[in-house]
Amino acid sequence: MDPDFIEALQCVGYTGNCSAVFQEKTLNEDARKLLVWLTNEIRVLGNIDEQLSDDGDVDSFRMTLSSFLKEMKCPFSSLTDGMDKNRFNTLESLTLLFSFLVNELMALKMVRANKPKDTSNVITLEESPTAAALKELAMGLGMGKPPENFPCKALFDKIDSRLAEVMQKAGPKRVGKPLFNPMNTTDTGDFVMTHTLQKAWSDGLTI
């Protein structure tokens, strides 16, 4: 048994016994077992419809194997053309067969390993602007980060209560008077002042 062949099988993940694969120079039981494993691995990774199984009927196995190779578009005509009974009966044909399948499987595994994972079915939950603002406000008030999926209404009530406590401790001098108070009577001067402040703020943002 070629050490390189054994190493190649180990690289693609085969753990079975392969010492007698080439012993009889035909499709013996060990060879068929290995072929079933290789073709099943290739079938899954390469989306091949044909499936190989071993029920002891070598002629049927040989025909199914030939169909599998044709579906794979095997470039070696000696493995796909001619009389079925004359295929895979020499050491050269078996060596070519296993080399082709192992190399194909190795290539498929490499492509899969380097292929980015499909994220089309991944659902990303985005936080609403309101929830983000409330969370930031809660953390700014020293309430810590609120738990996930915490209702905005409940969080707002907690923030309102916490804000009242902070303002009470800080005293009236720490909080300035509001620019607009709907409880007071609004006159023309208030609108002029508001317009002036808005214009100054807008001009400050203009580059």
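Right above here is the structure, for reference.
Chains are numbered independently. Their residues run from 1 in the order of the written sequence. For this predicted model, a pLDDT threshold of at least 70 governs which residues receive local features, and a threshold of 80 or more governs which side-chain atom pairs are given and counted, while totals over whole chains, interfaces and linings are taken from all residues. Computation of side-chain values covers all heavy atoms of the structure but excludes hydrogens and water.

Asks: So what exactly am I meant to see when it comes to the overall build of the chain here?
Replies: Helix and strand labels come from DSSP, where a helix needs a run of H or I of at least four residues and a strand needs a run of E of at least two; each type is numbered from the N terminus. In terms of regular secondary structure, the chain is built from 8 helices and 0 strands. When the helices and strands of the chain are placed in sequence order, the string is α-α-α-α-α-α-α-α. Burial statistics for the chain: of 207 residues in total, 24% are counted as buried. A fraction of 46% describes how many contacts in the chain between residues 6 or more apart in sequence connect residues 24 or more apart. Just so you have it, the chain exposes about 15100 Å², and 55% of that area is on carbon and sulfur atoms. Three labels apply to residues, based on accessible area from a 1.4 Å probe with only protein chains included: buried if under 20% of the type maximum, exposed if over 50%, partly exposed otherwise in between. Only heavy atoms enter the contact rule, under which two residues are in contact if any of them lie within 4.5 Å. Accessibility throughout is a Shrake-Rupley quantity obtained with a 1.4 Å probe, and a residue counts as covered only by protein chains that appear here.

Asks: Looking at this structure, how should I read the environment of Cys18?
Replies: Inspection of the secondary structure puts Cys18 in the loop between helix H1 (3-11) and helix H2 (29-46). As for Cys18 and Leu34, which are separated by 16 residues in sequence, their C-alpha atoms are 7.3 Å apart.

Asks: Before we go on, may I ask you to explain the nonpolar core in this structure?
Replies: Soluble globular proteins tend to bury their nonpolar side chains together. If you look at the biggest cluster of nonpolar residues, it comprises 32 residues, and the most contacted ones within it are Leu35, Leu69, Phe98 and Leu101. For this core, the secondary structure elements donating two or more residues are H1, H2, helix H3 (58-71) and helix H5 (91-114). Among the elements that make up this core, the one with the highest residue count is H5 (7 residues). Ranked by size, the runner-up nonpolar core spans 5 residues in total, among them Leu134, Ala138, Leu155 and Ile159. Working definition of a nonpolar core: buried Ala, Val, Leu, Ile, Met, Phe, Trp, Tyr and Cys residues. They are joined through side-chain atoms within 4.5 Å.

Asks: Looking at this structure, I do not really get the packing of helix H6 (residues 129-140) against helix H7 (residues 152-170). What am I missing?
Replies: Note on geometry: axes are lines fitted to C-alpha atoms, helical ones only across the stretch in contact, with angles between N-to-C directions running from 0 to 180 degrees. Their axes nearest at 10 Å, the elements H6 and H7 cross at an angle of 30 degrees. Classified by the interaxial angle, the pair formed by H6 and H7 is roughly parallel. As for the relative orientation of H6 and H7, their crossing is left-handed in sense. The residues of H7 that touch H6, namely those facing Ala131, Leu134, Lys135, Leu137 and Ala138, are Cys152, Leu155, Phe156 and Ile159. Any angle between 65 and 115 degrees counts as roughly perpendicular, while under 35 counts as roughly parallel, over 145 as roughly antiparallel, and the rest as oblique. The hand of a helix crossing depends on one turn: near helix anticlockwise from the far one by less than a right angle means left-handed, and clockwise means right-handed.

Asks: So what exactly am I meant to see when it comes to H6 here?
Replies: Residues that lie three or four places apart on an α-helix share one face, since the helix turns once every 3.6 residues. One less than the number of residues in a helix, times 1.5 Å, gives the span that helix is expected to have. An ideal rise of 1.5 Å per residue puts 16 Å on 12 residues; H6 measures up with 16 Å between its terminal C-alpha atoms. Buried within H6 we find Ala131, Leu134, Lys135 and Ala138. Projected down its long axis, H6 shows its buried positions confined to an angular sector of 100 degrees, all on one face. Of the residues in H6, the exposed ones pointing more than 90 degrees away from the buried face are Pro129, Glu136 and Gly140. Within this analysis, the arc is defined by the directions that extend from the helix axis to the C-beta atoms.

Asks: For this particular structure, what's the right way to read H2?
Replies: Over its 18 residues, H2 runs 25 Å from end to end, which matches the ideal 26 Å to within 8%, given 1.5 Å per residue. Inspection of H2 places Ala31, Arg32, Leu34, Leu35, Val36, Leu38, Thr39 and Ile42 among the buried residues, and these make up the whole buried set. Buried-residue contacts for H2 involve H1, H3 and H5. Any pair of nitrogen or oxygen atoms within 3.5 Å is treated as a polar contact; in protein, a donor-acceptor pairing is required on top of that, and neighbouring residues in sequence qualify only through side-chain atoms on both sides. The opening residue of H2, the one whose side-chain oxygen lies 3.2 Å from the backbone nitrogen of Asp30, is Asn28. Downstream of H2 by a residue or two, Asn47 has a phi angle that is positive, lying close to 55 degrees.

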